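Chain by chain, the residues run as shown.
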Amino acid sequence: MDQTKIRQYPRMHLQRDSYTSLNGIWDIQICHQDSLPEKEKFMPIMVPFLPGTKASLCECKPQMNEVLWYQLQFAYLPNEQKTLLHFEAVYQSCTIFLNGVELFYHEGGYDAFYVDVSQTIKYQNLLLVKVVNQKTWSLPFQNEHPFMGIYGDVWLEDCGNHMIKDIIYQWYPETQKLAIQLKGNFDQSLLTISSQSKVLYQGLTNDKKYEFIIQEPHLWSPDDPFLYDFYVKTEDDEVKSYIALRTVKTKIMYKDNHYFYLNQQKYWVNGIIDETWSDYTGPMYLSDEKMYQHLLLIKSLGYQAIYKRGMIERNRWFYFCDLIGLIVFQDLSQQSLPFFSWHRKRSEDEQENFITEVNKLINGYAYHPSLVALILQNTGLAKCKQQEMMNRYS
């Protein structure tokens, strides 16, 4: 494996040259939900590790009726480009303040989000993040290892005004067609597919859509996890991504037995259950290298798949699975109930909000070839429009 591919950029499907990590020592204060932070009571914390873990340097574990206030002072050099502030994961609801201005409110503990701070950022800055754990039934919640706080990378990046927001692609093996759908604020874009620095396909589009016909496609599989390099360039923005060509489905053969098919071939899956949690780092790995080596060990033991339970991993983890060649069955965090409350049902609003959160997860992880299944309701508890969700996501 090429060790130069193990880099610190957290979002490998939309890489830009500008990248400033805000990980490191922040200040934190744990307050009662009705109280405001006091300047002299802040204590240091290592972001992105959760309070209550040894790696965070803050071993005070917050309770359900408490609020976290994160604070970071940092310098930045503003420019004519657009500046985005990224949060990879904050559990569960948070409000973002920059230089005394409330900018953004986000709800949902597992999806990444960003804030446009172009009009607010200065050379010297004060970033304040308020975090609340509501444990609402509208969202999947973590019950086996309850936590709250920032537990993903935080970073800044600059991009042009004609920015690329997302890349969606679909592979049609019958016609060897690769359909590309772009999202963003631009009129024209140049798309390039390459491998080992050699341009294979290139096209120009004015409507954010393009179709390539891939001759002799190199398919992705655990035995051969091949990734194409993919570049998109607009009037003043450019991103690097990657594309994998593969199909997955299940077929009912006889006696209601389901068989797993990869690239239209029956595929025997030999997997392992993986529950990432330690008292030292919580749901995080200590470093990218530790994460990579852990996955490499699983592959070296002869496993092709991971059933991920108890925690929804970050995109960096899935990227390494894409790179190494591991199939992932991702379980949503447990929606366990108090004793005698197993019959409790979500209200209509809670069900709609739950589906909204599921859509965020699917959209946020869909481009990973390693992810073949997102298990929405594994225990049958707190059922939520099961037939509708099966029809929508099958």
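It should be emphasised that the depicted structure is a prediction, and the values quoted were computed from it without experimental measurement.

### Remarks on the overall build of the protein
- When helices and strands are tallied, the protein shows four helices and 26 strands.
- Taken over 394 residues, the protein has a buried fraction of 50%.
- A fraction of 68% describes how many contacts in the protein between residues 6 or more apart in sequence connect residues 24 or more apart.
- Accessible area of the protein: about 19,400 Å², with a carbon and sulfur share of 50%.

### With respect to the pattern of salt bridges
- Tallied over the entire structure, the rule returns eleven salt bridges.
- Residue Lys 177 pairs with Glu 211 through a salt bridge whose shortest N-O separation is 3.6 Å. A residue pair is termed long-range when its members are at least 10 positions apart, and Lys 177 in strand β14 (residues 177–184) and Glu 211 in strand β17 (residues 209–213) qualify at 34 residues.
- Residue classification places Lys 177 among the partly exposed residues on the basis of a relative accessible area of 22%.
- Of the charged contacts, one joins Lys 308 and Glu 313 as a salt bridge, the two residues approaching to 2.9 Å between their closest N and O atoms.
- With a relative accessible area of 0%, Lys 308 lands in the buried category.
- Its relative accessible area of 4% is what places Glu 313 among the buried residues.
- Within the structure, one salt-bridge network assembled from shared partners comprises Arg 11, Arg 16, Glu 157 and Asp 237.

### Topic: the packing of helix α1 (residues 288–300) against helix α2 (residues 315–324)
- Where α1 contacts α2, the two axes come as close as 10 Å, and the packing angle between them is 40°. One finds that α1 runs oblique with respect to α2. Crossing of α1 against α2: the hand is right-handed. Contacts between α1 and α2 involve Asp 288, Met 291, Tyr 292, Leu 295, Leu 296 and Lys 299 from the first element and Arg 316, Trp 317, Phe 320, Cys 321 and Ile 324 from the second.
- Tallied by class, residues from the contact of α1 with α2 come to eight nonpolar, no polar and three charged.

### Structural notes on unusual backbone geometry
- Following Val 47, the chain continues into Pro 48 via a peptide bond in cis, with omega recorded as 25°.
- Structurally, Pro 48 is set in the loop between β3 (43–47) and β4 (66–75).
- Here Tyr 91 and Gln 92 are connected by a cis peptide whose omega angle stands at 15°.
- Relative to the helices and strands, Gln 92 resides in the loop between β6 (90–91) and β7 (93–98).
- Even without glycine at this site, Gln 196 takes up a positive phi of about 50°.

### Some remarks on the environment of Pro 283
- Here Pro 283 shows up in the loop between β23 (271–274) and α1.
- When its relative accessible area of 4% is taken as the criterion, Pro 283 is described as buried.
- Considered as a pair, Pro 283 and Gly 152 are 131 residues apart in the sequence and their alpha carbons are 9.9 Å apart.
- Residue contacts for Pro 283: discarding those within four places in its chain leaves Leu 50, Phe 147, Tyr 151, Thr 276, Trp 277 and Met 311.

### Notes on the side chain of Asp 111
- Considering the arrangement of structural elements, one finds Asp 111 in the loop between β8 (101–107) and β9 (113–116).
- A residue is classified by how much of its surface remains accessible, and Asp 111, at 11% relative accessible area, is buried.
- Of the polar contacts made by the side chain of Asp 111, one reaches the side chain of His 106; its length is 2.9 Å.
- In this structure Asp 111 touches Glu 88, His 106, Glu 357 and Lys 360, once residues within four positions along its chain are discounted.

### Description of the packing of aromatic side chains
- For the structure on display, the rule yields 20 aromatic pairs.
- Here Tyr 319 and Phe 320 contribute two aromatic rings whose centre-to-centre distance is 5.8 Å and whose plane-to-plane angle is 45°, an arrangement assigned as tilted.
- Given the relative accessible area of 6%, Tyr 319 is considered buried.
- Residue Phe 320 is classed as buried on the basis of its relative accessible area of 0%.
- An aromatic cluster of at least three residues, connected via ring pairs, comprises Tyr 91, Tyr 110, Phe 147, Tyr 151 and Trp 277.
- It is Lys 208 that lies over the ring of Phe 186; its NZ or CZ is 5.0 Å from the centre.

### Describing the pairing of strand β25 (residues 327–331)
- Extensive coverage of β25 is indicated by the burial of four of its five residues.
- As paired elements, strand β24 (residues 305–308) and β25 share four bridges and run parallel to each other. Residue pairing in the sheet places Lys 308 in a bridge with Gln 330 of β25.
- Examined bridge by bridge, β25 and strand β26 (residues 371–375) share four bridges and lie parallel to one another. Note that in β26 the partner of Gln 330 across the bridge is Leu 374.

### Comments concerning the confidence of the model for the protein
- In the predicted model, the protein carries a mean pLDDT of 88, and the fraction of residues at 70 or more is 90%.
- For the protein, helix α4 (residues 386–393) is the element with the lowest average pLDDT, namely 70, and strand β18 (residues 228–233) is the one with the highest, namely 98.
- Under a pLDDT of 50 for its full length, residues 336–342 has, in the predicted model, seven contacts with residues more than four places off or in other chains.

So, how was this worked out
- Residues numbered from 1 in each chain as written.
- Predicted model: local features only at pLDDT ≥ 70, side-chain atom pairs only at ≥ 80, totals over all residues.
- Heavy atoms only, no water.
- Helix = DSSP H or I, 4+ residues; strand = E, 2+ residues; numbered from the N terminus.
- Buried < 20%, exposed > 50% of the residue type's maximum accessible area, 1.4 Å probe, protein only.
- Contact = heavy atoms within 4.5 Å.
- Areas by Shrake-Rupley, 256 points an atom, 1.4 Å probe, with all protein chains shown as cover.
- Salt bridge = Lys/Arg side-chain N within 4 Å of Asp/Glu carboxyl O.
- Axes fitted to C-alpha atoms, helices over the stretch in contact; angles between N-to-C directions.
- Parallel < 35°, antiparallel > 145°, perpendicular 65-115°, else oblique.
- Left-handed = near helix turned anticlockwise from the far one by under 90°.
- Nonpolar A, V, L, I, M, F, W, Y, C, P; charged D, E, K, R; others polar.
- Polar contact = N/O pair within 3.5 Å; in protein donor to acceptor, adjacent residues only side chain to side chain.
- Phe/Tyr/Trp six-rings, centres within 6.5 Å; stacked < 30°, edge-to-face > 60°.
- Lys NZ or Arg CZ within 6 Å of the ring centre and 35° of its normal.
- Pairing = 2+ DSSP bridges.
- pLDDT = per-residue confidence, 0-100.

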